[in-house]
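In case you want the letters, here they are:
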Amino acid sequence: MDVFGMPSIEVLEEELEEPLLEVKIPRIIAKDRSDPFQGLSDEEFLERYRLPKDTTRDLIEEVRPRAHVDKMGRGCGIPLNLKMLVTLRYLATGNFLLTIADCIDIAKSSACRAVGEVVQLIAYLAPDYIQFPPPEAAHHLAEKFHDVGGMPGVIGCVDGTHIPIQSPGGENAEDYRCRKGFFSLNVQGICDSDMKFTNIVASWPGSVHDDTIFENSHVCNILEQGNYNGFYLLGDSEYQCRENLLTPIPEPKNEKERNYNASHAKTRNCVERAFSILKRRFACLSIPLRTKLTNSKRIVMACVVLHNIAVSRKVELLDDEVLPQENIELIRGEEIIEEVGVTQGRDSVVQRWF
């Protein structure tokens, strides 16, 4: 030590002669932020596109045989995976296509074409993912519905919801104005106990009553053919009570009828929850669709296909996807006055089971 308490030069030289310990610095591999499959975690990807990475890759390969390559600029094709991501981001958020196009550095026109093409490709998959159960599967469905609310013989729950759209223009534009005052598509859906849609009708204007849509639907036709005797759909008071469609009793007079209404409401809640989850998962359905009428119908169908895929693969719904109640509220029409003689099937169910 020197006079100031500092180590001497000799000591410092001895210390320097000792070998230095090697410190290994971990190698940082930069992620490709331009590729969401690599740049985003699984949770971040699900939050932005509503489907997991593996499900999205499978979907891309499933639609690939029908896809075609767009050309932009000097003959560079837009990859199908990029088109799919643009479309899923639009369906998940409902943002302006210009905003989505700017985020991934493509032209707005390219984004519009990509969304139009991909929703059509996904809608083509509807026969594979939206299937009304055949008569031989009715017993299995009825057992699952019975476990929900104790209602016997139920093979599906039917309801309608309004999907807001911009004015379609033309002479018949007012046909699309619903009773709430905005333009919409009145979409009819039938779901099973797992809240998977087994039938969807997305072609009627918002002014059309729910019962009219059901009366003219393919499902109503096949139920009337007699292949589903002893099995029913459940609908709310907007529907006319039929042999194969049971509605609530407007003014229950005894314990049996009250028990029937309670079981009916608990079981039919599946379809309301299904529509709520559909709109929470794909926010574009809760705000006016700013697309042509044909594309708006395809968007609804594509969202239902994606919803069924998510349900089949048990994709979780994120907590932050909750929308304000007014956005997911199912719009009610005027209550139907029941005709004498159309409630015999319902009365027999009440007397036998409740």
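What you are looking at is a predicted structure, and each value in this text was computed from that prediction instead of being measured. (Residues numbered from 1 in each chain as written. Predicted model: local features only at pLDDT ≥ 70, side-chain atom pairs only at ≥ 80, totals over all residues. Heavy atoms only, no water.)

A. Summary view of the overall build of the chain. In terms of helices and strands, the chain carries 15 helices and seven strands. In the chain, buried positions account for 48% of the 354 residues. With an accessible surface of roughly 19300 Å², the chain has 51% of that area assigned to carbon and sulfur atoms. (Helix = DSSP H or I, 4+ residues; strand = E, 2+ residues; numbered from the N terminus. Buried < 20%, exposed > 50% of the residue type's maximum accessible area, 1.4 Å probe, protein only. Areas by Shrake-Rupley, 256 points an atom, 1.4 Å probe, with all protein chains shown as cover.)

B. How the structure looks around the nonpolar core. Counting residues in each nonpolar core, the largest one holds 75 residues, and the members touching the most others are Leu59, Leu91, Ile299 and Leu306. Per-element accounting of this core gives the leading share, ten residues, to helix H13 (residues 293-312). Residues Leu141, Val219, Ile222 and Phe231 belong to the second largest nonpolar core, which totals 17 residues. (Core = buried A, V, L, I, M, F, W, Y, C linked by side-chain atoms within 4.5 Å.)

C. Geometry of empty space enclosed by the protein. Applying the stated rule across the entire model yields one cavity of 30 Å³ or more. Here the largest cavity is characterised by a volume of approximately 30 Å³. Lining the largest cavity are Thr161, Ile163, Val187, Ile200, Phe275, Leu278, Leu285, Val300 and Val304. Those elements that provide at least two residues to the lining of the largest cavity are strand S3 (154-164), helix H12 (255-281) and H13. Looking at side-chain class alone, the lining of the largest cavity contains eight nonpolar, one polar and no charged residues. (1 Å grid on protein atoms, 1.4 Å probe; cavity = no way out; pocket = protein on both sides within 12 Å on 5 of 7 lines; lining within 4 Å. Points joined across faces, edges and corners; volume = space filled by probe spheres on them. Nonpolar A, V, L, I, M, F, W, Y, C, P; charged D, E, K, R; others polar.)

D. Layout of unusual backbone geometry. Of note in this structure, Arg50 is not a glycine but carries a positive phi near 70°. Mapped onto the elements of the fold, Arg50 is located in the loop between helix H3 (42-49) and helix H4 (53-63). Of note in the backbone geometry, Met195 takes a positive phi value of approximately 65° without being a glycine. Here Met195 is to be found in the loop between strand S4 (184-191) and strand S5 (197-205).

E. Just the packing of aromatic side chains, in detail. Tallying each qualifying case throughout the model produces five aromatic pairs. Both rings, one in Phe37 and one in Phe45, keep their centres 5.1 Å apart while their planes meet at 35°; by these two values the pair is tilted. Of the two residues, Phe37 and Phe45, both sit in the buried class. An angle of 40° between the planes, with centres 4.8 Å apart, marks the rings of Phe45 and Tyr49 as tilted. With a gap of four residues between them, Phe45 and Tyr49 both fall in helix H3, about one helical turn apart. The burial state of Phe45 is the same as that of Tyr49; both residues are buried. Sitting over the ring of Tyr124, Arg66 keeps its end group 4.5 Å from the ring centre. The ring of Phe96 is capped by Arg290, whose NZ or CZ atom sits 4.1 Å from the centre of that ring. (Phe/Tyr/Trp six-rings, centres within 6.5 Å; stacked < 30°, edge-to-face > 60°. Lys NZ or Arg CZ within 6 Å of the ring centre and 35° of its normal.)

F. The side chain of Asn244, seen in detail. Residue position: Asn244 is located in the loop between strand S6 (232-234) and strand S7 (245-246). On the basis of relative accessibility, which here comes to 8%, the residue Asn244 falls in the buried class. Here the side chain of Asn244 touches Phe231 through a polar contact of 3.1 Å, landing on its backbone oxygen. If near-sequence neighbours (up to four positions away) are discounted, Asn244 is found in contact with Leu223, Tyr228, Phe231, Tyr232 and Leu233. (Polar contact = N/O pair within 3.5 Å; in protein donor to acceptor, adjacent residues only side chain to side chain. Contact = heavy atoms within 4.5 Å.)

G. Quick peek at the sheet that holds S7. Strand order in the open sheet made by the five strands is S5-S4-S3-S6-S7, with mixed pairing throughout. Of all strands in the sheet, those bounded by a partner on one side alone are S5 and S7. Where S3 lies against S6, three bridges are found, and the strand directions are parallel. Bridge pairing in S6 links Gly156 to Leu233. Contacts from H13 reach S3, S4 and S5 within the one sheet, and its direction differs from that of S5 by about 165°. (Pairing = 2+ DSSP bridges. Axes fitted to C-alpha atoms, helices over the stretch in contact; angles between N-to-C directions.)

H. Local environment of the packing of helix H7 (residues 108-123) against H13. Two elements in contact, H7 and H13, have axes separated by 8 Å at closest approach and are oriented at 55°. Relative to H13, the element H7 lies oblique. Between H7 and H13 the crossing geometry is left-handed. Where H7 approaches H13, its residues Val119, Gln120, Ile122 and Ala123 are matched on the opposing element by Arg298, Ile299, Met301, Ala302, Val305 and Leu306. Looking at side-chain class alone, the contact of H7 with H13 contains eight nonpolar, one polar and one charged residues. (Parallel < 35°, antiparallel > 145°, perpendicular 65-115°, else oblique. Left-handed = near helix turned anticlockwise from the far one by under 90°.)

I. Quick peek at the pattern of salt bridges. Per the counting criterion, the structure on display carries twelve salt bridges. Between Lys144 and Asp194 there is a salt bridge, with the nearest N and O atoms lying 2.7 Å from each other. Residue Lys144 is located in helix H9 (residues 138-149), and its partner Asp194 is located in the loop between S4 and S5; the two are separated by 50 residues in the primary sequence. (Salt bridge = Lys/Arg side-chain N within 4 Å of Asp/Glu carboxyl O.)

J. Here's a closer look at H3. Among the residues making up H3, those that are buried are Phe45, Leu46 and Tyr49. In an axial view of H3, the angular spread of the buried residues amounts to 100°, which keeps them on one side of the axis. Where H3 ends, the next residue or the one after it, Arg50, has phi of about 70°, a positive value. (Arc of directions from axis to C-beta.)

K. Structural context of the environment of Ala283. Relative to the helices and strands, Ala283 is located in the loop between H12 and H13. For the pair Ala283 and Gly94, spaced 189 residues apart in sequence, the C-alpha to C-alpha distance is 5.8 Å. Excluding anything up to four places from it in sequence, Ala283 contacts Leu91, Ala92 and Thr93.

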